[in-house]
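Each chain, written out:
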Amino acid sequence: LLESLRQLAEREQRSEDEVAADLLEAALAQRGANEARIQLWESLSPREQEIVALACLGHTNRQIAAQLYLSPETIKTHMRRTQHKFGVASKSELRTLLAGWDFTGWG
């Protein structure tokens, strides 16, 4: 880790302390963003969580509707609500936002 820090500082022609401070700041910001996403996830209803998980696994609204025995319009409504809660405009943006999460247990 220290060697990587040294190499990065050398490449950027900055001190190791400056690079370390920037890396720590970025890591803390990322952690805060992750915690905020987790809180948003926990605010979803179990049905919304299920629908988002299936959407993040790549299922279409029609596929989700068929799997959950709901209408595609109901799925669309749930997706709209969850997109609003996460502050994104589309299902693809929601997938990107949660890309690092493991939803395989929902499939």
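In what follows, the structure referred to is the one given above.
Read on for an overview of the structure.

Parameters and conventions
- Residues numbered from 1 in each chain as written.
- Predicted model: local features only at pLDDT ≥ 70, side-chain atom pairs only at ≥ 80, totals over all residues.
- Heavy atoms only, no water.
- Axes fitted to C-alpha atoms, helices over the stretch in contact; angles between N-to-C directions.
- Helix = DSSP H or I, 4+ residues; strand = E, 2+ residues; numbered from the N terminus.
- Parallel < 35°, antiparallel > 145°, perpendicular 65-115°, else oblique.
- Left-handed = near helix turned anticlockwise from the far one by under 90°.
- Contact = heavy atoms within 4.5 Å.
- Nonpolar A, V, L, I, M, F, W, Y, C, P; charged D, E, K, R; others polar.
- Buried < 20%, exposed > 50% of the residue type's maximum accessible area, 1.4 Å probe, protein only.
- Salt bridge = Lys/Arg side-chain N within 4 Å of Asp/Glu carboxyl O.

## Topic: the packing of helix α3 (residues 46-56) against helix α4 (residues 61-68)
Then step 1. Contact geometry of α3 with α4 gives a least axis separation of 10 Å together with a crossing angle of 130°. What the angle tells us is that α3 and α4 run oblique. Note on packing geometry: the crossing formed by α3 with α4 is right-handed. Together, R47, E50, I51, L54 and A55 of α3 and I64, Q67 and L68 of α4 make up the contact between the two elements.
Then step 2. Its residues assigned to classes, the contact of α3 with α4 shows five nonpolar, one polar and two charged.

## Some words on unusual backbone geometry
Then step 1. One non-glycine residue, Q13, adopts positive backbone phi at about 55°.
Then step 2. Residue position: Q13 is located in the loop between α1 (2-12) and α2 (16-43).
Then step 3. Overall, the relative accessible area of 75% leaves Q13 in the exposed class.
Then step 4. One non-glycine residue, Y69, lies in the positive phi region at around 60°.
Then step 5. Within the secondary structure, Y69 is located in the loop between α4 and α5 (72-86).
Then step 6. The exposure class assigned to Y69 is exposed, which follows from its relative accessible area of 77%.

## Let's talk about the environment of Q67
Then step 1. Tracing the backbone shows Q67 in helix α4.
Then step 2. By relative accessible area, Q67 is classed as partly exposed at 34%.

## Considerations on the pattern of salt bridges
Then step 1. Scanning the entire structure with this criterion turns up seven salt bridges.
Then step 2. Put simply, E16 and R6 hold a salt bridge, and the shortest N to O gap is 3.9 Å. Residue E16 is located in helix α2, and its partner R6 is located in helix α1; the two are separated by ten residues in the primary sequence.
Then step 3. For R14, the salt bridge goes to D22, with nearest N and O atoms at 2.7 Å.
Then step 4. Judged by relative accessible area, R14 falls into the partly exposed class, the value being 30%.
Then step 5. Since its relative accessible area comes to 36%, D22 is described here as partly exposed.
Then step 6. Overlapping salt bridges, with partners in common, bring together E3, R6 and E16 in one network.

## Some points on the environment of E16
Then step 1. Residue class for E16 comes out partly exposed when judged on its relative accessible area of 34%.
Then step 2. C-alpha separation for the pair E16 and G100, spaced 84 residues apart in sequence, amounts to 29 Å.
Then step 3. Setting aside anything within four residues of it in sequence, one finds E16 in contact with L5, R6 and A9.

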